[in-house]
Amino acid sequence: MSLSQLIDRPEGIEIHLDRPKAYNALSLDLMEEIIAHQATIAAQAQAGKIQYVIVSGSGKGFCAGHDLREIQANKSQAFYEKTFAACTNVMLGFQRLPVPVIAKVHGIATAAGCQMVASVDLAVATPDARFATPGVHIGLFCSTPMVALTRAVSRKRAMEMLVLGDTIDAHTAKEYGLINAVDADPETVIAEWTTKILAKSRRVLSIGKQAFYQQIEQDVESAYQHTAAVMTQNLLHAEEGQDAQEGIQAFLQKRQPIWTQ
């Protein structure tokens, strides 16, 4: 029985988590399905068939984090290590996809669910959405969610969420920088974003996304050296250079660019 679905979108695709009774908790089987979906999507993106990914959840919430019943039923180091390794692969997999990934959040996004929101590129939430890293309440500090959270929000905000374990609402999450937008109809925001994404060069967005996640882990000097090399490649190499030269020429000629892809 599938725990998630791949849903076609116009020039994109949606990963829909489908464990509504468990608030889409990330069981090992579900995480392995997501990893398989990411591999499929990566191949489709490389072939130019899709230009964005949506991540959503069924039922009353986006994702409640790890499946605590499953963790409680499998008390072994091997299982725990396998679970957290799979979670790491899920989160890094979203960042390694060569197209923008958007989370559509409703209800709760807690622990590893909050981690997923922090890991993707863009996020929109309904006003009822709630976010938390509440592991401290049950004696299990949200250490792996902390990795993504501390790269999405400020240190003080992250520590507040991690140490206190409090739940924040959607507007507070936007203020913190965890999400980009709050809307009762998130599809309106997604339509606006994806329309803009589809108007851009697919290759250039892929280059930019990869460079973003590489430079953010570097010191400032190394980041400048890396991104200068990326921009040089963007201007000179094969199709990337064609798109850059076309974009510059179109801007100077006050017309819409025509991308190679």
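Quick note: structure is the one above.
Residues numbered from 1 in each chain as written. Predicted model: local features only at pLDDT ≥ 70, side-chain atom pairs only at ≥ 80, totals over all residues. Heavy atoms only, no water.

**Student:** Now, about the packing of aromatic side chains: what can you tell me, with residues and values included?
**Tutor:** Counted under the stated rule, the structure contains 1 aromatic pair. The interplanar angle of 90° and the centroid separation of 5.0 Å between the aromatic rings of F212 and Y213 together place this pair among those described as edge-to-face. Using a relative accessible area of 42% as the deciding quantity, one classes F212 as partly exposed. (Phe/Tyr/Trp six-rings, centres within 6.5 Å; stacked < 30°, edge-to-face > 60°. Buried < 20%, exposed > 50% of the residue type's maximum accessible area, 1.4 Å probe, protein only.)

**Student:** Break down the sheet that holds strand β7 (residues 130-132) for me, with residues and values.
**Tutor:** One open sheet accounts for 3 strands, arranged β5-β7-β8; its pairing is mixed. The strands lining the two open edges of the sheet, one partner per strand, are β5 (108-110) and β8 (168-169). Pairing of β5 with β7, which is carried by 3 bridges, proceeds in the parallel orientation. Along β7, the bridge assignment pairs T110 with A132. Along the sheet, helix α4 (residues 112-119) contacts β5 and β7; its crossing angle with β5, the most-contacted strand, is approximately 90°. (Pairing = 2+ DSSP bridges. Helix = DSSP H or I, 4+ residues; strand = E, 2+ residues; numbered from the N terminus. Contact = heavy atoms within 4.5 Å. Axes fitted to C-alpha atoms, helices over the stretch in contact; angles between N-to-C directions.)

**Student:** Give a description of the sheet that holds strand β2 (residues 12-17) that names residues and reports values.
**Tutor:** Pairing within the open sheet is mixed, and its 6 strands lie in the order β1-β2-β3-β4-β6-β9. Unpaired on one side and paired on the other, β1 (4-9) and β9 (181-182) mark the two borders of the sheet. The pairing of β2 with strand β3 (residues 53-57) spans 5 bridges and is parallel. Along β3, the bridge assignment pairs L17 with G57.

**Student:** Please set out the packing of helix α3 (residues 77-96) against α4 residue by residue, giving values where relevant.
**Tutor:** Orientation of α3 relative to α4, taken along the N-to-C sense of each, is 20°, at an axis distance of 9 Å. Judged by the inter-axis angle, α3 sits roughly parallel to α4. Crossing hand, α3 versus α4: right-handed. Residue-level contacts link C87, V90, M91, F94 and Q95 of α3 to A112, Q115, M116 and S119 of α4. (Parallel < 35°, antiparallel > 145°, perpendicular 65-115°, else oblique. Left-handed = near helix turned anticlockwise from the far one by under 90°.)

**Student:** Describe the nonpolar core, naming the residues involved and giving the relevant values.
**Tutor:** V53, F94, F131, L178 and I179 are the most contacted members of the largest nonpolar core, which has 53 residues in total. Ignoring sequence-local partners within four residues, the contact set of F94 consists of I15, I34, Q38, V55, V101, M116, V120 and K209. Grouped together as the second largest cluster of nonpolar side chains are 9 residues, I54, I102, V124 and A181 included. (Core = buried A, V, L, I, M, F, W, Y, C linked by side-chain atoms within 4.5 Å.)

**Student:** A description of the state of the cysteines should follow, citing residues and the corresponding values.
**Tutor:** Applying the stated rule across the entire model yields 0 disulfides. Between C114, a cysteine without a disulfide, and C142, which holds the nearest cysteine sulfur, the sulfur-to-sulfur distance is 8.3 Å. Under the relative-accessibility criterion, C142 is labelled buried at 7%. (Disulfide = S-S within 2.5 Å.)

**Student:** For the environment of F212, give the residues involved together with the corresponding values.
**Tutor:** In this fold, F212 is placed in helix α9 (residues 202-215). Sequence separation of F212 and G247 is 35 residues, and the distance between their C-alpha atoms is 21 Å.

**Student:** How would you explain the pairing of β2 if you had to name every residue and give the values?
**Tutor:** β2 sits mainly inside the fold: 6 of its 6 residues count as buried. Both faces of β2 are covered, namely the face carrying G12, E14 and H16 and the face carrying I13, I15 and L17. Here 6 bridges tie β1 to β2, and the two strands are oriented antiparallel to one another. From the neighbouring strand, S4 faces β2, where its bridge partner is L17.

**Student:** Please give an account of the pattern of salt bridges that cites residues and values.
**Tutor:** The tally for this structure, following the rule as stated, stands at 10 salt bridges. Its salt-bridge partner being E187, residue K104 comes within 2.8 Å of it at the nearest N-O pair. With a gap of 83 residues between them, K104 in strand β4 (residues 101-105) and E187 in helix α8 (residues 186-198) connect regions that are remote in the sequence. Between K209 and D121 there is a salt bridge, with its nearest N and O atoms 2.8 Å apart. Of this pair, K209 sits in helix α9 while D121 sits in the loop between α4 and β6 (122-125), and the two are 88 residues apart along the sequence. K209 sits in the buried class, given a relative accessible area of 9%. Accessibility expressed as a relative area gives 23% for D121, which makes it partly exposed. (Salt bridge = Lys/Arg side-chain N within 4 Å of Asp/Glu carboxyl O.)

Any functional reading would require information beyond the geometric quantities listed.
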